Amino acid sequence: MPVWNEKYETMKRDELEQVQLERLQQTLNRVYRRVSYYQNLFNKISFDPDTISTLGDLKKIPYTSKDTLRLAYPYDMFAVPLREVVRMQSTSGTTGQPLIVGYTKNDIEHWTELTARVLYAGGVTKDDIIQICFPYGLFTGGIGFHYGAEKIGASVIPGSEADMENQIIIMRDYRTTAFACAPTYAAQLFEVMNEKGITPAELSLSKGLFGAEPWNESFRKEIEEKLSISVTDNYGLTEIIGPGVSFECDHKNGLHISEDHFIPEIIDPDTGSVLGPGEKGELVLTTITKEAYPLIRYRTGDLTCLYYEPCTCGRTLIKMGKIFERIDDMIILNGQNMFPSQFEQILTEAIGTAPKFQLVIDKKETLDELEIQVEISGDFFFDEMKKLAELEITIIKEVKERLDFIPKVKLVEPRTIKRGMKKAKVIDKRYK
Ligand code: DLL
């Protein structure tokens with residue numbers, strides 16, 4: 001069983017908890033001294049970071065939300081002066097207010113170590129030729145994996161956003177053995193391969209490392225069979241570090257969390273109470289090694305559960321389940337994150353008033369599809385066809401321009417859309 005960092009990945013639990021406690025103490029002191037948000041918060045609840053003596057004391061601190069980070073835009077959550085920041089990454093601008101995260105030299109070293117763990121657990125060694133098919137840029141996927149793969153000593157091809165055909169030709173000609181990408185991207189690659197008549201036998205691929213969006217077991221099975229490769233899942237988010245928070249080992253039944261860098265908790269998203277092992281709720285993460293952008297009890301919005309049973313791979317790091325849902329209404333379409341509020345804005349501008357609408361998401365072969373169903377007022381609805389067609393075109397054009405996605409639009413009569421359901425705005429038929 002390949003383990004990149006034997007010391008930390010297989011550490012005895014009591015020793016690991018001691019490491020966590022020391023690192024937590026340092027982090028709490030750091031944020032108290034250097035981030036005014038946390039200083040005010042700790043003062044408000046009379047929490048003295050020097051008094052923390054057990055990991056349980058972390059529960060005394062309220063959660064940090066994404067809205068707090070948004071309000072702190074651009075640099076108010078940074079815990080170091082900019083001269084100590086050697087890199088910045090960001091969440092995609094398509095979600096409205098982007099978040100900027102910073103990394104010190106040490107943060108980059110840790111991040112490199114963490115993505116190396118992900119890749120190594122997925123079977124990547126120095127003998128591999130790995131093609132990183134995540135975008136390189138503000139998104140953390142490309143450059144995050146690049147450093148980890150170089151650390152392992154693999155031969156790295158920064159495929160980034162090369163067009164699909166080119167990506168496949170590179171894969172074939174450079175004899176790529178491993179590739180890292182989002183699952184929808186892998187599906188599209190496979191489709192283009194078929195179109196171009198390139199067979200899996202012409203490639204040297206043996207492993208795929210997928211992450212950044214939800215995907216399920218039947219997709220894994222399909223792609224593993226079609227390409228004769230082994231595929232592992234990995235999870236991460238920009239605010240916390242990027243990829244490298246958790247990863248599957250070759251047992252493929254849960255994602256090991258690098259607990260020497262992050263303390264995970266699961267909470268009831270409605271009440272905020274902490275849930276026990278195996279109970280499904282919102283993942284909350286505390287960073288314990290980050291210098292530039294440390295976060296305490298950050299609500300990820302991702303629903304999962306934690307498993308404490310030892311894994312036969314030898315790692316003692318606990319596992320989280322695969323993520324299928326988010327508590328907020330962020331949706332990910334072909335790797336692009338977006339929010340219903342952005343559609344609401346576009347529709348309101350196009351129609352003139354805030355409409356009742358819902359987003360119906362499905363998967364057609366390999367690509368995500370979105371149908372925007374919009375209720376149109378009686379007068380408008382019975383208006384001439386030309387006007388309705390123009391409205392549809394305007395909506396499609398605006399969504400394409402602002403969110404980089406081409407939707408279908410269905411104009412429906414008033415009161416067609418069901419009222420009163422909690423998540424009525426988004427109907428996601430993928431993975432169900
Ligand atoms: O997606 C970081 C990343 C890059 C992870 C490459 C893995 C590989 P964000 O763009 O900030 O960062 O999006 C983070 O994507 O809160 C989840 O909702 C979702 N997500 C990430 N990985 C997975 C996964 C990167 N393996 C948001 N399964 C997270 C399901 C995932 N959802």
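Residues numbered from 1 in each chain as written. Predicted model: local features only at pLDDT ≥ 70, side-chain atom pairs only at ≥ 80, totals over all residues. Heavy atoms only, no water.

Peer 1: Describe the pattern of salt bridges, with residues and values.
Peer 2: This structure, assessed with the given rule, holds 28 salt bridges. Between Glu222 and Lys226 there is a salt bridge; the shortest N-O distance is 2.7 Å. In this pair, Glu222 and Lys226 both sit in helix α9 (residues 217–227), four residues apart, roughly one turn of the helix. Under the relative-accessibility criterion, Glu222 is labelled partly exposed at 40%. (Salt bridge = Lys/Arg side-chain N within 4 Å of Asp/Glu carboxyl O. Helix = DSSP H or I, 4+ residues; strand = E, 2+ residues; numbered from the N terminus. Buried < 20%, exposed > 50% of the residue type's maximum accessible area, 1.4 Å probe, protein only.)

Peer 1: Go over the site of the ligand with me, naming the residues and quoting the values.
Peer 2: Of all residues adjacent to the ligand, which total 22 residues, the nearest are Asp233, Asn234, Thr238, Asp302 and Arg326. A distance of 2.7 Å separates a nitrogen atom of the ligand from a polar atom in the backbone of Asn234. Look at the ligand: alone it shows 620 Å² of surface, and the protein chains cover 96% of it. When contributions to the shell around the ligand are tallied by element, the ones reaching two or more residues are α6 (140–152) and β7 (230–237). Ranked by residue count, the leading element in the shell around the ligand is β7, at five residues. Within the shell around the ligand, the residues separate by chemical class into ten nonpolar, seven polar and five charged. (Near = heavy atom within 4 Å. Polar contact = N/O pair within 3.5 Å; in protein donor to acceptor, adjacent residues only side chain to side chain. Areas by Shrake-Rupley, 256 points an atom, 1.4 Å probe, with all protein chains shown as cover. Nonpolar A, V, L, I, M, F, W, Y, C, P; charged D, E, K, R; others polar.)

Peer 1: Residue-level account of the packing of helix α8 (residues 183–195) against α9, with values.
Peer 2: Viewed as axis vectors pointing N to C, α8 and α9 meet at an angle of 35 degrees, and their least axial separation amounts to 12 Å. Where α8 crosses over α9, the two elements pack in a sense that is left-handed. Residues Pro183, Ala186, Ala187, Phe190 and Met193 of α8 pack against Phe219, Ile223, Lys226 and Leu227 of α9. (Axes fitted to C-alpha atoms, helices over the stretch in contact; angles between N-to-C directions. Left-handed = near helix turned anticlockwise from the far one by under 90°. Contact = heavy atoms within 4.5 Å.)

Peer 1: Before we move on, could you go through the domain arrangement of the chain and cite the residues and values that matter?
Peer 2: The domain boundaries assigned to the chain delineate domain 1 (1–326) and domain 2 (330–428). Distance between the C-alpha centres of domain 1 and domain 2: 32 Å. Between domain 1 and domain 2 the total buried area reaches about 1,200 Å² when both faces are included, carbon and sulfur atoms providing 51% of it. On the surface where domain 1 and domain 2 come into contact, there are zero salt bridges. Taken together, domain 1 and domain 2 are joined by two residue pairs in polar contact (both at pLDDT 80 or more). (Domains from an automatic or database assignment. Buried area = accessible area lost by both parts, 1.4 Å probe.)

Peer 1: Provide a residue-level description of the pairing of strand β8 (residues 242–248), including the pertinent values.
Peer 2: Most of β8 sits out of view: seven of its seven residues are buried. Pairing of β7 with β8 involves four bridges; the strand directions are antiparallel. Pairing of Leu237 across the sheet is with Gly242, part of β8. Counting the residues in the hairpin turn of β7 and β8 gives four residues. Between β8 and strand β9 (residues 255–257), which follow one another and run antiparallel, lie six residues, and Lys252 among them has a positive phi close to 55 degrees. (Pairing = 2+ DSSP bridges.)

Peer 1: A description of the packing of aromatic side chains should follow, citing residues and the corresponding values.
Peer 2: For the structure shown, the criterion picks out 14 aromatic pairs. Seen from their ring centres, Tyr32 and Phe42 are 5.9 Å apart, and the 10 degrees between their planes marks the pair as stacked. Residue Tyr32 is located in helix α2 (residues 13–34), and its partner Phe42 is located in helix α3 (residues 36–44); the two are separated by ten residues in the primary sequence. When its relative accessible area of 0% is taken as the criterion, Phe42 is described as buried. Centre to centre, the rings of Tyr103 and Trp111 are 4.8 Å apart; their planes meet at 10 degrees, and the pair counts as stacked. Classification of Trp111 by relative accessible area gives buried; the value is 2%. (Phe/Tyr/Trp six-rings, centres within 6.5 Å; stacked < 30°, edge-to-face > 60°.)

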